[in-house]
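One letter stands for each residue in the lines below.
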Amino acid sequence: MTEDLHILDALAATIASRKDADPESSYTARLFAKGRKKIAQKVGEEAVETAIAAVAEKPANVVSESADLLYHLLVLWAEVGIAPQEVWSELERRVGVSGVDEKKARKK
Ligand SMILES: N=c1c2ncn([C@@H]3O[C@H](COP(=O)(O)OP(=O)(O)OP(=O)(O)O)[C@@H](O)[C@H]3O)c2ncn1[C@@H]1O[C@H](COP(=O)(O)O)[C@@H](O)[C@H]1O
């Protein structure tokens, strides 16, 4: 497991620990209190902001918006009940499977 993956797993653990936290002191707890639709909306917003920063050729903003996006995506997984390992396993399953071949197979 790489260091980059480790930070996402550590962040997921912090997020899980905020499920019963006080929304006054925790932004994550505030998101959980607002509910799934709000969390999903934030994921959409952060994805669009990341894309806009890329098109505007602002690499530093792409970095910060990507971090916002990953954080909100991890909150959404926690809300839905998905363990990060499930997503890592799906990515691992795809290693070595060409995206071009996979797309062709879907059309059959
Ligand atoms: N990585 C993050 C992280 N990234 C972004 N954000 C917050 O996400 C928000 C995104 O900014 P926006 O302007 O879109 O938010 P907003 O305007 O308040 O949102 P809305 O008005 O749309 O509801 C900001 O308040 C950021 O502080 C994060 N909040 C928390 N974390 C991590 O989660 C941990 C726990 O945080 P708490 O739950 O606050 O203790 C922290 O230690 C961090 O590691």
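One can find the structure itself at the top, above this paragraph.
Residues numbered from 1 in each chain as written. Predicted model: local features only at pLDDT ≥ 70, side-chain atom pairs only at ≥ 80, totals over all residues.

1. Quick look at the overall build of the protein chain
Which entries qualify depends on this criterion: Helix numbering and strand numbering both begin at the N terminus, where a helix is a DSSP run of H or I of at least 4 residues and a strand a DSSP run of E of at least 2. Any residue pair is listed as a contact if its two C-beta atoms, each placed from the backbone, are within 7 Å.
For the protein chain, the count of helices and strands is 6 helices and 0 strands. Counting from the amino terminus, helix and strand elements in the protein chain follow one another as α-α-α-α-α-α. A principal-axis box enclosing the C-alpha atoms of the protein chain has dimensions of 50 × 35 × 30 Å. Sequence-distant contacts, at least 24 apart, represent 51% of the contacts inside the protein chain between residues at least 6 apart.

2. Looking at the site of the ligand
Definition in use: We count a residue as near a molecule or strand when its backbone-placed C-beta atom lies within 6 Å of that partner. Only Asp, Glu, Lys and Arg are considered charged, only Ala, Val, Leu, Ile, Met, Phe, Trp, Tyr, Cys and Pro nonpolar, and every remaining residue, Gly among them, polar.
Within the structure, the ligand sits among Leu 11, Thr 14, Arg 18, Ser 26, Tyr 27, Thr 28, Ala 29, Ala 67, Asp 68 and Tyr 71. Contributions of two or more residues to the shell around the ligand are made by α1 (3-17), α2 (27-34) and α4 (59-80). Residue composition of the shell around the ligand, by class: 5 nonpolar, 3 polar and 2 charged.

3. Observations concerning helix α3 (residues 36-55)
Spelled out, the test is: The span one expects for a helix is its residue count, reduced by one, times 1.5 Å. Note on burial: count the other C-beta atoms lying within 10 Å of the residue's C-beta; 20 or more is buried, 12 or fewer is exposed, in between is partly exposed, and C-beta positions come from the backbone. Note that the arc is defined by the directions from the helix axis to the C-beta atoms.
With 20 residues, α3 should reach 28 Å at 1.5 Å per residue; the first-to-last C-alpha distance of 29 Å fits that figure. Turning to α3, its buried residues are Ile 39, Val 43 and Thr 50. The buried side chains of α3 occupy one side of the element, clustering within an arc of 50° when seen end-on. Those residues of α3 that are exposed and angled more than 90 degrees off the buried face are Lys 37, Gly 44, Val 48 and Val 55. Contact partners of the buried residues in α3: α2 and α4. Once α3 finishes, Glu 57 follows within two positions and takes phi at roughly 55°, a positive value.

4. Here's the deal with the packing of α3 against α4
Under the convention used in this document: Orientation is described by axes fitted as lines to C-alpha atoms, over the contacting stretch for helices, and by angles from 0 to 180 degrees between their N-to-C directions. An angle below 35 degrees is treated as roughly parallel, one above 145 as roughly antiparallel, one from 65 to 115 as roughly perpendicular, and anything else as oblique. For any pair of crossing helices, the crossing counts as left-handed if the nearer helix is rotated counterclockwise from the farther one by less than a right angle, and right-handed if it is rotated clockwise.
Where α3 contacts α4, the axes come no closer than 8 Å and their chain directions differ by 160°. On the basis of the axis angle, α3 is roughly antiparallel to α4. The interaxial crossing formed by α3 with α4 has left-handed handedness. Facing α3, whose interface residues are Arg 36, Ile 39, Ala 40, Lys 42, Val 43, Glu 46, Ala 47, Glu 49, Thr 50, Ala 53 and Ala 54, α4 presents Asn 61, Val 62, Glu 65, Ser 66, Asp 68, Leu 69, His 72, Leu 73, Val 75, Leu 76 and Glu 79.

5. Description of the nonpolar core
What tends to happen in soluble globular proteins is that the nonpolar side chains get buried as a cluster. Quick reminder of the rule: Think of a nonpolar core as buried Ala, Val, Leu, Ile, Met, Phe, Trp, Tyr and Cys residues, each tied to the set through C-beta atoms within 7 Å.
Residues Ile 15, Leu 31, Phe 32, Ile 39, Val 43, Leu 69, Tyr 71, Leu 74, Val 75 and Ala 78 constitute the largest nonpolar core, which totals 10 residues. If you list the elements that add at least two residues to this core, you get α2, α3 and α4. It is α4 that contributes the most residues to this core, 5 residues altogether. Leave out the neighbours within four places in its chain, and Val 75 touches Ile 15, Thr 28, Leu 31 and Ile 39.

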